[in-house]
Amino acid sequence: LRRQAWAPNQAESHPWFLYRQPPLVVGNRVYTLQPGVMSLDCLDLDSGRLHWQRVLPTMRRVAGIVDGVLLVETNSGFEGIQTENGHSQWRRDEPRRILTAQLTGEPGGLLYACADPIVGEVSRPRLVWLNPRTGAVAAEALLNLAPLVEKMPMMGPVVAQGDRVWVGIGHNDHDPRREFVELQPAGPAL
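Residues numbered from 1 in each chain as written. Predicted model: local features only at pLDDT ≥ 70, side-chain atom pairs only at ≥ 80, totals over all residues. Heavy atoms only, no water.

## So, the sheet that holds strand E13 (residues 154-161)
Taking strand neighbours across the sheet as the criterion, the 3 strands line up as E13-E14-E15 in an open arrangement whose pairing is antiparallel. Of all the strands in the sheet, the pair left with one neighbour each is E13 and strand E15 (179-183). Each neighbouring strand pair of the sheet contributes to a mean axis angle of 25°, computed without reference to strand direction. (Pairing = 2+ DSSP bridges. Helix = DSSP H or I, 4+ residues; strand = E, 2+ residues; numbered from the N terminus. Axes fitted to C-alpha atoms, helices over the stretch in contact; angles between N-to-C directions.)

## Observations concerning a nonpolar patch on the surface
A surface patch of nonpolar side chains, amounting to about 240 Å² of accessible area, comprises Ile118, Val119 and Val122. Looking at where Val122 falls in the secondary structure, it is placed in strand E11 (residues 122-130). Here Val122 falls in the partly exposed class, since its relative accessible area comes to 33%. (Patch = residues over 30% accessible without salt bridge, like charges linked within 9 Å, V, L, I, M, F, W, Y side chains within 5 Å. Areas by Shrake-Rupley, 256 points an atom, 1.4 Å probe, with all protein chains shown as cover. Salt bridge = Lys/Arg side-chain N within 4 Å of Asp/Glu carboxyl O. Buried < 20%, exposed > 50% of the residue type's maximum accessible area, 1.4 Å probe, protein only.)

## A look at the side chain of Glu94
Note that Glu94 resides in the loop between strand E8 (88-93) and strand E9 (97-105). Of the polar contacts made by the side chain of Glu94, one reaches the side chain of Tyr112; its length is 3.0 Å. Apart from residues no more than four positions distant in its own chain, Glu94 is found in contact with Ser76, Gly77, Tyr112 and Cys114. (Polar contact = N/O pair within 3.5 Å; in protein donor to acceptor, adjacent residues only side chain to side chain. Contact = heavy atoms within 4.5 Å.)

## A few points about the pairing of strand E3 (residues 39-44)
Along E3, 6 of the 6 residues are buried, which leaves the element largely enclosed by surrounding structure. Every second residue of E3 is oriented toward a common face, with Ser39, Asp41 and Leu43 on one face and Leu40, Cys42 and Asp44 on the other, all of them buried. As consecutive antiparallel partners, strand E2 (residues 29-32) and E3 are separated by 6 residues, and within that stretch Gly36 has a phi angle of approximately 85°, a positive value. Alignment of E3 against strand E4 (residues 50-55), held across 5 bridges, turns out to be antiparallel. Paired with Leu43 across the bridge in E4 is Leu50. Remark: 5 residues form the turn of the hairpin made by E3 and E4, two consecutive strands paired antiparallel; Gly48 in that turn has positive phi of roughly 80°.

## Points about the packing of aromatic side chains
Going through the model one piece at a time under the given rule, you end up with 2 aromatic pairs. The interplanar angle of 50° and the centroid separation of 6.1 Å between the aromatic rings of Tyr31 and Trp52 together place this pair among those described as tilted. With Tyr31 in strand E2 and Trp52 in strand E4, this pair connects stretches of sequence that are 21 residues apart. Accessibility assignment for this pair places Tyr31 and Trp52 in one class, buried. (Phe/Tyr/Trp six-rings, centres within 6.5 Å; stacked < 30°, edge-to-face > 60°.)

## Structural notes on the pattern of salt bridges
Counted by the stated rule, this structure contains 8 salt bridges. Taking the shortest distance from any N to any O, the salt bridge between Glu84 and Arg29 comes out at 3.5 Å. Here Glu84 is found in the loop between strand E7 (77-82) and E8, whereas its partner Arg29 is found in strand E2, with 55 residues between them in sequence. Glu84 sits in the exposed class, given a relative accessible area of 57%. Judged by its relative accessible area of 13%, Arg29 falls in the buried class. Two residues, Glu79 and Arg91, come together in a salt bridge whose shortest N-O distance is 3.4 Å. With Glu79 in strand E7 and Arg91 in strand E8, this pair connects stretches of sequence that are 12 residues apart. Looking at Glu79, the relative accessible area reads 2%, which means it is buried.

## Side note on the side chain of Thr83
Position of Thr83 relative to the elements: it lies in the loop between E7 and E8. From its side chain, Thr83 meets the backbone oxygen of Gly68 in a polar contact 3.3 Å long. Those residues in contact with Thr83 that lie beyond four places of it in its chain are Arg29, Tyr31, Cys42, Trp52, Ile65, Gly68, Val69 and Leu70.

## So, the sheet that holds E8
Judged by pairing direction, the sheet is antiparallel, and its 4 strands sit side by side in the order E5-E6-E7-E8 without closing on themselves. Two strands in the sheet have a free side with no partner beyond their single neighbour: strand E5 (59-66) and E8. Averaged over all pairs of adjacent strands, the angle between their axes in this sheet comes to 20°, without regard to strand direction. As paired elements, E7 and E8 share 5 bridges and run antiparallel to each other. In the strand pairing of E8, Ile81 is matched with Ser88.

Bear in mind that shape data such as this cannot, by itself, settle questions of function.
What follows is the structure, given as C-alpha cells:
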C-alpha cells in the first residue's frame, strides 16, 4: 500500500488536462502519475519499493516508453526521462500542441499534433515526430484537411495498428464529438 500526497490544482482551468490513466507497467517496474499528485513514481512491481521519484508539478500524463526513455507530457510540451534513475534526458516546449493528439512507439517514436496559424486565429494541424532519445524533431507533415482549418482545431485520440494511423478530429474544444479519419501519406515528410 502506498499513499501519495494529493494537492488540488486550482490553477488548471480545463478539467480535460487532468488525465486519469492506469500505471504503466514495463518489466518489473511500475510508473505512476496521478492528477493532483506532484510526482512521477517508479516502483518495483513485486515489492512496491520506490526506485525513484520525480517531482514535477507541470506533468500531465505519461505518454509511454520508447527506446528506454519515459516520455511525459507537461504543461509546456514533452520531457524524456531516463527510466533507470528519473533524470531528465531532454525537454521540448510546444505551446501550440493540440489536445490529446499523441502516439508513442512504432513506427516513429513520439507523434503529436500542433496548430500552425494561417490567418488571425485560424490554424491548421501539423504532425510532428520526435526522436525519443534526443527530443529533436525527426519529421513534420502539414495536414491539408479542410474540416481541420478552424479557430481551435482539436485532434485526438490517435490510434495505430501496424502501419495504419487513425485520428479523431473535432471542431473546437467544447465539442465532445469526434470524427475518425485515417491518415495516409500524400508525399514525403518535411
